[in-house]
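Here's the letter readout for the chains.
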Amino acid sequence: MLALSAGSSQALPWTVQVRNAAGQPLADAVVAVELRGRPAKAAAGTRAEVAQRERQFQPAVLVVQTGTAVHFPNFDTVRHHVYSFSPIKPFDIKLYSGTPAEPVVFDKPGIAALGCNIHDQMSAYIVVVDTSLFARTDAAGLARFDLPAGEHQIKAWHPSLTRPQLLTRPLSVSPAGSGSTGIELTNTSN
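Residues numbered from 1 in each chain as written. Predicted model: local features only at pLDDT ≥ 70, side-chain atom pairs only at ≥ 80, totals over all residues. Heavy atoms only, no water.

Any details on the environment of Ala-22? Residues and values, ideally.
Note that Ala-22 resides in the loop between strand S2 (11-19) and strand S3 (30-34). Its relative accessible area of 62% is what places Ala-22 among the exposed residues. Along the backbone, Ala-22 and His-80 are 58 residues apart, and their C-alpha atoms lie at a distance of 38 Å. (Helix = DSSP H or I, 4+ residues; strand = E, 2+ residues; numbered from the N terminus. Buried < 20%, exposed > 50% of the residue type's maximum accessible area, 1.4 Å probe, protein only.)

What follows is the structure, given as structure tokens:
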């Protein structure tokens, strides 16, 4: 469900609110806006990190642009074995401590679920998007962007969803001014 409103200028303030089926705001939802004609891949050398602290991945949800190299430093006193069987980037970093020499480059868009073969309670997600315009929602389920006028695509996802794909909807940003969009995420969303 998308609700659009409009209102001035070149880069327009735009707010996206993500809610669940009960209408409650969803914190830590991923929101990305793909602009027509903009590069899909990150600049060479773009890096991010999923650390392991207190036998947990931090952050539990990381959003990166396609082409980003992700490092997996282990700050725990125990060794970890990080892996993903996700189709967008299967990988396996055997038992280690410290930081592996080579990062993992996420070169396809989608969602990679992470785990640790040693600590079953450890799980996290890396959401890879074809845009540099992305955010995680705050406690009120809000993400804020500065967007140019035009016809774009908005994508959203939350870890509570059972499917590993982003909901995609068209987004029309009027040159008349700022606006907002509401997205409802459910396990039946298309």
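An account of the pairing of strand S9 (residues 80-84) is requested, with residue identities and associated values reported.
Most of S9 is tucked away, with five of its five residues classed as buried. Along S9, one buried face is formed by His-80, Val-82 and Ser-84 and the opposite face, lined by His-81 and Tyr-83, is buried too. Examined bridge by bridge, S9 and strand S10 (residues 91-96) share four bridges and lie antiparallel to one another. The residue bridging Tyr-83 from the neighbouring strand is Asp-92, located in S10. (Pairing = 2+ DSSP bridges.)

Can you tell me about the packing of aromatic side chains, naming the residues and giving the values?
Counted according to the given criterion, the structure contains four aromatic pairs. With a centroid separation of 5.5 Å and 35 degrees between ring planes, the pair formed by Phe-72 and Phe-91 is classed as tilted. With Phe-72 in the loop between strand S8 (68-71) and S9 and Phe-91 in strand S10, this residue pair connects regions lying 19 residues apart in the sequence. For the pair Phe-72 and Phe-91, a shared accessibility class is recorded, and that class is buried. Ring centres 5.1 Å apart and planes at 65 degrees place the aromatic pair Tyr-125 and Trp-157 in the edge-to-face group. Separated by 32 residues along the polypeptide, Tyr-125 in strand S13 (residues 123-129) and Trp-157 in strand S16 (residues 150-157) bring together distant segments of the chain. Tyr-125 sits in the partly exposed class, given a relative accessible area of 26%. For Trp-157, a relative accessible area of 1% translates into the label buried. (Phe/Tyr/Trp six-rings, centres within 6.5 Å; stacked < 30°, edge-to-face > 60°.)

Give me the nonpolar core: which residues, what numbers.
Formed by 31 residues in total, the largest nonpolar core has its most connected members in Val-16, Val-33, Val-127, Phe-145, Leu-147 and Leu-185. When residues of this core are traced back to their parent elements, those giving at least two are S2, S3, strand S7 (61-65), S13, strand S15 (142-148), S16 and strand S17 (167-173). Among all residues touching Leu-147, those that are not within four sequence positions of it are Gln-10, Ala-11, Leu-12, Trp-14, Val-33, Leu-133, Leu-171 and Val-173. Counting residues in hydrophobic clusters, the runner-up holds 21 residues, among them Phe-57, Val-82, Phe-91 and Ala-112. (Core = buried A, V, L, I, M, F, W, Y, C linked by side-chain atoms within 4.5 Å. Contact = heavy atoms within 4.5 Å.)

Got a sec to walk through unusual backbone geometry? Specific residues and values, please.
Residue Pro-59 is bonded to the preceding Gln-58 through a cis peptide linkage, with omega at 0 degrees. Along the polypeptide, Pro-59 turns up in the loop between strand S6 (56-58) and S7. Phi is positive for Asp-28, close to 65 degrees, though the residue is something other than glycine. Its identity as a non-glycine residue notwithstanding, Glu-54 has a phi of 55 degrees, on the positive side. When you line up the elements, Glu-54 lands in the loop between strand S5 (51-53) and S6.

Bear in mind that shape data such as this cannot, by itself, settle questions of function.
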